[in-house]
Amino acid sequence: MPVVIRHARLAALGLAAVLALPGLASADARLAGPYVDAATYARGDDALVEAWYAMTYQLPRQFDQVCGDTFCEGEFTNLQPLRFACSVHRDDGRIGMCVWSFAASDEFLVARTGRIVVQPKVWHCHTPLAAGTTLTAMLDAVAGGDALHAVLPGGRSIFDGLVDCL
């Protein structure tokens, strides 16, 4: 019986030591702060929620329309848009940053062995916005259809940010 207690104490001490290590912060600590995801910020304002989801619905479809003539030529022909995300200051609605993630791969066959070698690639494209732009101002700018090419506060578009990135 004393051996079990000793092992339980050692396990508890080991767990406490691991939890005290720097860099192993909980998800709650990582999420604490003045910025939230745009969808979280928009909650409670039906028009803002609708505008956010309309934009994030349109962007990948509009990207698909231009991909073949622009970004999807060359080495990575299977470029896929992933998530468009923005951080928004919970108190005043200022955008901290917007990023659109993309992934692609290039595969080639090694004829001698029959192996297929995959070279994956990921991009994180920043949206060019003027400092202090609010989520409402960005969504107003892209309202009306062409979210990809709409001029954002700061004078550039989401498409311009992709040209700089992809």
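Our structure is the block above this text.
This structure is a prediction, so every number in the text was calculated from the model and none was measured.

Visitor: Tell me about the overall build of the protein, residues and numbers included.
Guide: Summing up its helical and strand segments, the protein has six helices and four strands in all. For the protein, the sequential pattern of α-helices and β-strands runs α-α-β-α-α-β-β-β-α-α. Buried positions account for 30% of the 166 residues belonging to the protein. For the protein, contacts bridging at least 24 residues in sequence account for 57% of all contacts bridging at least 6. For the protein, the accessible surface area stands at approximately 10400 Å², while carbon and sulfur atoms represent 58% of it.

Visitor: Go over helix α6 (residues 158-165) with me, naming the residues and quoting the values.
Guide: Among all positions in α6, only I158, F159, G161 and L162 are buried. Taken down its axis, α6 places every buried residue within 155° of arc, on the same side. Packed against the buried residues of α6 are α4 (46-67), β2 (80-89), β3 (95-110) and β4 (115-126). Backbone nitrogen of F159 and a side-chain oxygen of the N-cap are separated by 3.3 Å at the start of α6; the cap is S157.

Visitor: Could you give an account of the state of the cysteines, with specific residues and numbers?
Guide: Within this structure, the stated rule accounts for three disulfides. A sulfur-sulfur distance of 1.4 Å marks the disulfide that ties C67 to C72. Here the two residues C67 and C72 agree in accessibility, since each one is buried. Here C86 connects covalently by a disulfide to C98, the sulfurs 2.0 Å from one another. Linking C86 and C98, the disulfide has an S-S dihedral of approximately 110° and is accordingly described as right-handed. Note that C86 is positioned in strand β2 and C98 in strand β3, a separation of twelve residues in sequence. With respect to burial, C86 and C98 carry one shared label: buried. With cysteine numbering restricted to those in disulfides and following the sequence, the protein has the pairing 1-2, 3-4, 5-6.

Cut-offs and rules
- Residues numbered from 1 in each chain as written.
- Predicted model: local features only at pLDDT ≥ 70, side-chain atom pairs only at ≥ 80, totals over all residues.
- Heavy atoms only, no water.
- Helix = DSSP H or I, 4+ residues; strand = E, 2+ residues; numbered from the N terminus.
- Buried < 20%, exposed > 50% of the residue type's maximum accessible area, 1.4 Å probe, protein only.
- Contact = heavy atoms within 4.5 Å.
- Areas by Shrake-Rupley, 256 points an atom, 1.4 Å probe, with all protein chains shown as cover.
- Arc of directions from axis to C-beta.
- Polar contact = N/O pair within 3.5 Å; in protein donor to acceptor, adjacent residues only side chain to side chain.
- Disulfide = S-S within 2.5 Å.

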